[in-house]
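In case you want the letters, here they are:
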Amino acid sequence: MTSASSTDIRKLITTLAARHRLPAVYTDRIFVSSGGRISYGPDRIDQFRRAASYVDRILKGEKPSDLPVQTPVKYVLSINLKTAKALGLTVPDKLLAVADEVIE
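First, a word on what this report is: a plain description of the structure on this page. (Residues numbered from 1 in each chain as written. Predicted model: local features only at pLDDT ≥ 70, side-chain atom pairs only at ≥ 80, totals over all residues. Heavy atoms only, no water.)

Attention now moves to the nonpolar core. As a rule of thumb, nonpolar side chains are buried together in soluble globular proteins. Counting 7 residues, the largest nonpolar core consists of Ile-38, Leu-77, Ile-79, Leu-81, Ala-84, Val-91 and Ala-99. Listed by contribution, the elements that provide at least two residues to this core are strand 3 (75-80) and helix 5 (81-86). When sequence neighbours within four positions are dropped, the list of residues in contact with Leu-77 reads Ile-38, Ser-39, Tyr-40, Leu-95, Val-98, Ala-99, Asp-100 and Glu-101. (Core = buried A, V, L, I, M, F, W, Y, C linked by side-chain atoms within 4.5 Å. Buried < 20%, exposed > 50% of the residue type's maximum accessible area, 1.4 Å probe, protein only. Helix = DSSP H or I, 4+ residues; strand = E, 2+ residues; numbered from the N terminus. Contact = heavy atoms within 4.5 Å.)

Another point: the side chain of Ser-39. Locating Ser-39 in the fold gives a position in strand 2 (residues 38-42). A relative accessible area of 1% means that Ser-39 is categorised as buried. Those residues in contact with Ser-39 that sit more than four places away from it in its chain are Tyr-26, Asp-28, Arg-29, Val-32, Val-76, Leu-77 and Ser-78.

Two elements, strand 2 and strand 3, share 5 bridges in a ladder whose sense is antiparallel. Pairing of Gly-41 across the sheet is with Val-76, part of strand 3. Bridge analysis of strand 3 against strand 4 (residues 101-103) gives 3 bridges, and the strand direction is parallel. When the sheet's bridge partners are listed, Asn-80 is paired in strand 4 with Ile-103. (Pairing = 2+ DSSP bridges.)

Its volume calculated, the largest pocket comes out at about 160 Å³. Every residue along the wall of the largest pocket is listed here: Thr-27, Asp-28, Arg-29, Ser-39, Tyr-40, Gly-41, Pro-42, Asp-43, Arg-44, Ile-45 and Val-76. Among the elements of the structure, strand 2 and helix 4 (44-59) are those that each provide at least two residues to the lining of the largest pocket. Ranked by residues supplied to the lining of the largest pocket, first place goes to strand 2 with 4 residues. A class-by-class count of the residues in the lining of the largest pocket yields 4 nonpolar, 3 polar and 4 charged. (1 Å grid on protein atoms, 1.4 Å probe; cavity = no way out; pocket = protein on both sides within 12 Å on 5 of 7 lines; lining within 4 Å. Points joined across faces, edges and corners; volume = space filled by probe spheres on them. Nonpolar A, V, L, I, M, F, W, Y, C, P; charged D, E, K, R; others polar.)

Within the structure shown, the criterion is met by 2 aromatic pairs. Ring centres 5.0 Å apart and planes at 0 degrees place the aromatic pair Tyr-26 and Phe-31 in the stacked group. For the pair Tyr-26 and Phe-31, one class covers both residues: buried. Between Tyr-40 and Tyr-75, the aromatic rings sit 5.6 Å apart at their centres with planes inclined by 15 degrees, giving stacked as the arrangement. You can see Tyr-40 sitting in strand 2 and its partner Tyr-75 sitting in strand 3, a full 35 residues away along the chain. Judged by relative accessible area, which is 49%, Tyr-40 ranks as partly exposed. On the accessibility criterion, Tyr-75 (36% relative accessible area) is partly exposed. (Phe/Tyr/Trp six-rings, centres within 6.5 Å; stacked < 30°, edge-to-face > 60°.)

Spatial ordering of the open sheet is given by 1-2-3-4, a layout of 4 strands whose pairing is mixed. The outermost strands of the open sheet, each flanked by one partner alone, are strand 1 (25-26) and strand 4.

Below is the structure:
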(Lines give C-alpha, C1' and ligand atoms only; values in the text may rest on other atoms or scores of the structure.)
Protein backbone atom coordinates (compact mmCIF):
# COMPACT_ATOMS: atom_id res chain seq x y z
CA MET A 1 0.00 0.00 0.00
CA THR A 2 1.27 3.41 -0.90
CA SER A 3 1.63 5.78 2.04
CA ALA A 4 0.31 9.32 1.98
CA SER A 5 3.79 10.75 2.45
CA SER A 6 5.23 8.86 -0.53
CA THR A 7 2.28 9.92 -2.67
CA ASP A 8 2.93 13.55 -1.75
CA ILE A 9 6.51 13.37 -3.02
CA ARG A 10 5.91 10.95 -5.90
CA LYS A 11 7.40 13.27 -8.52
CA LEU A 12 10.64 13.46 -6.52
CA ILE A 13 10.69 9.69 -6.05
CA THR A 14 10.14 8.95 -9.76
CA THR A 15 12.66 11.62 -10.84
CA LEU A 16 15.38 10.26 -8.55
CA ALA A 17 14.69 6.67 -9.62
CA ALA A 18 15.01 7.67 -13.29
CA ARG A 19 18.12 9.80 -12.69
CA HIS A 20 19.90 6.93 -10.95
CA ARG A 21 18.47 4.37 -13.40
CA LEU A 22 16.86 2.32 -10.63
CA PRO A 23 14.56 -0.48 -11.79
CA ALA A 24 11.64 0.76 -9.71
CA VAL A 25 8.23 -0.89 -9.74
CA TYR A 26 5.49 0.99 -7.92
CA THR A 27 2.32 -0.23 -6.24
CA ASP A 28 0.07 2.54 -7.49
CA ARG A 29 -0.61 3.86 -11.00
CA ILE A 30 -0.32 7.45 -9.77
CA PHE A 31 3.47 6.97 -9.77
CA VAL A 32 3.38 5.90 -13.42
CA SER A 33 1.40 8.97 -14.39
CA SER A 34 4.06 11.01 -12.54
CA GLY A 35 6.91 9.54 -14.59
CA GLY A 36 7.47 6.13 -13.03
CA ARG A 37 8.15 3.22 -15.38
CA ILE A 38 5.72 0.53 -14.21
CA SER A 39 3.23 -0.22 -11.45
CA TYR A 40 1.38 -3.31 -10.37
CA GLY A 41 -1.00 -3.15 -7.47
CA PRO A 42 -4.56 -3.46 -6.24
CA ASP A 43 -7.33 -1.63 -8.06
CA ARG A 44 -8.23 1.05 -5.50
CA ILE A 45 -11.66 1.75 -7.01
CA ASP A 46 -12.57 -1.93 -6.79
CA GLN A 47 -11.49 -1.96 -3.14
CA PHE A 48 -13.70 1.03 -2.35
CA ARG A 49 -16.68 -0.63 -4.06
CA ARG A 50 -16.16 -3.80 -2.07
CA ALA A 51 -15.79 -1.81 1.16
CA ALA A 52 -19.18 -0.20 0.49
CA SER A 53 -20.84 -3.61 0.64
CA TYR A 54 -19.29 -4.13 4.09
CA VAL A 55 -20.63 -0.79 5.28
CA ASP A 56 -24.05 -1.81 3.99
CA ARG A 57 -23.89 -5.12 5.86
CA ILE A 58 -22.83 -3.40 9.09
CA LEU A 59 -25.62 -0.82 8.80
CA LYS A 60 -28.07 -3.71 8.38
CA GLY A 61 -26.95 -5.16 11.71
CA GLU A 62 -24.07 -7.55 11.01
CA LYS A 63 -21.21 -7.45 13.48
CA PRO A 64 -17.92 -6.28 11.94
CA SER A 65 -16.14 -9.10 13.78
CA ASP A 66 -18.31 -11.65 11.92
CA LEU A 67 -17.30 -10.37 8.48
CA PRO A 68 -14.43 -12.15 6.74
CA VAL A 69 -11.21 -10.31 6.00
CA GLN A 70 -11.06 -9.29 2.37
CA THR A 71 -7.98 -9.16 0.19
CA PRO A 72 -7.73 -7.46 -3.18
CA VAL A 73 -9.04 -9.52 -6.06
CA LYS A 74 -8.36 -7.14 -8.93
CA TYR A 75 -4.92 -5.78 -9.77
CA VAL A 76 -3.87 -3.10 -12.26
CA LEU A 77 -0.73 -3.12 -14.42
CA SER A 78 0.30 0.32 -15.73
CA ILE A 79 3.30 0.98 -17.98
CA ASN A 80 4.84 4.31 -18.95
CA LEU A 81 6.44 3.78 -22.38
CA LYS A 82 7.85 7.31 -22.44
CA THR A 83 9.85 6.64 -19.27
CA ALA A 84 10.94 3.20 -20.47
CA LYS A 85 12.23 4.68 -23.75
CA ALA A 86 14.02 7.50 -21.89
CA LEU A 87 15.82 4.83 -19.85
CA GLY A 88 16.67 2.89 -23.01
CA LEU A 89 14.43 -0.03 -22.06
CA THR A 90 12.27 -2.09 -24.37
CA VAL A 91 8.95 -3.32 -23.00
CA PRO A 92 8.04 -6.77 -24.36
CA ASP A 93 4.93 -6.90 -26.54
CA LYS A 94 3.43 -9.62 -24.32
CA LEU A 95 3.64 -7.31 -21.31
CA LEU A 96 2.05 -4.45 -23.26
CA ALA A 97 -0.75 -6.78 -24.36
CA VAL A 98 -1.75 -7.61 -20.78
CA ALA A 99 -1.31 -4.09 -19.37
CA ASP A 100 -4.43 -2.34 -18.12
CA GLU A 101 -2.97 1.05 -18.97
CA VAL A 102 -0.13 2.13 -21.27
CA ILE A 103 1.05 5.74 -21.14
CA GLU A 104 2.83 6.84 -24.31
